[in-house]
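What the coordinates show
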Amino acid sequence: MLISDAKGFVGQWVEVVYKDRVGAEVVDTAEVFDVNFVPLYGPCLITDIGEIRLDRVVACVMVVRNKAS
């Protein structure tokens with residue numbers, strides 16, 4: 001994923017598919033706070049579940065979250 005693509009997800013809830021350290025695909029839902037350069041990791045999605053390196057992102061899709069009443 002490119003930085004320019006990732007910036008379109010800032011402030012949104014997304015379903016992100018990424019590879020973990022051993023190469024297994026992980027699917028998770030996260031709120032994207034920012035896209036930034038993290039030393040030693042490179043460009044990352046900054047989310048509520050942690051930093052996700054952009055070079056490990058396989059897919060990212062916006063999702064609609066229902067607000068609790």
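Above this text you will find the structure in question.
Notes on the structure follow. (Residues numbered from 1 in each chain as written. Predicted model: local features only at pLDDT ≥ 70, side-chain atom pairs only at ≥ 80, totals over all residues. Heavy atoms only, no water.)

Here we look at unusual backbone geometry
Stated formally: Helix and strand assignments follow DSSP, with helices taken as H or I runs no shorter than four residues and strands as E runs no shorter than two, numbered in order from the N terminus. Categorising residues by exposure relies on relative accessible area from a 1.4 Å probe, with only protein chains included: less than 20% of the type maximum marks a residue as buried, more than 50% marks it as exposed, and the intermediate range marks it as partly exposed.
Phi at L40 takes a positive value of approximately 75°, unusual for a residue other than glycine. If you trace the backbone, L40 turns up in the loop between β2 (25-38) and β3 (42-47). For L40, a relative accessible area of 87% corresponds to the exposed category.

What about the pattern of salt bridges?
The cut-off we apply is this: Within this document, salt bridges are pairs made up of a side-chain nitrogen of Lys or Arg and a carboxyl oxygen of Asp or Glu, the two lying within 4 Å of each other.
Using the criterion set out here, one finds 1 salt bridge in the structure. Across the salt bridge formed by R53 and D55, the nearest N and O atoms sit 2.8 Å from each other. On the accessibility criterion, D55 (57% relative accessible area) is exposed.

Examining the sheet that holds strand β4 (residues 50-53)
Short version of the rule: A pair of strands is considered paired only if DSSP assigns at least 2 bridges between the two. Axis lines are fitted to C-alpha atoms, over the contacting stretch for helices. Their N-to-C directions set the angle, which ranges from 0 to 180 degrees.
The sheet built from 5 strands is open, its strands ordered β4-β3-β2-β1-β5 with antiparallel pairing. At either end of the open sheet lies a strand with only one pairing partner, and these are β4 and β5 (57-62). On average, adjacent strands in this sheet sit at an angle of 50° to one another, irrespective of strand direction. Inspection of the sheet shows β3 paired to β4 by 4 bridges, in the antiparallel sense. Within β4, the residue paired with L45 across the bridge is I52.

Some remarks on the environment of S4
Within the secondary structure layout, S4 lies in helix α1 (residues 3-6). It is 9.2 Å that separates the C-alpha atoms of S4 and V35, two residues lying 31 residues apart in sequence.

Describing the pairing of β2
With 7 bridges connecting them, strand β1 (residues 13-19) and β2 associate as antiparallel partners. Looking at β2, one finds that K19 is bridged to E25. Here β1 folds back onto β2, and the loop between the two strands holds 5 residues, one of which, G23, carries a positive phi near 95°. Sheet topology note: the β2/β3 ladder contains 6 bridges and is antiparallel. Directly across from N36, in β3, lies its bridge partner C44. The hairpin turn running from β2 into β3, its antiparallel successor, is 3 residues long, and L40 in that turn takes a positive phi close to 75°.

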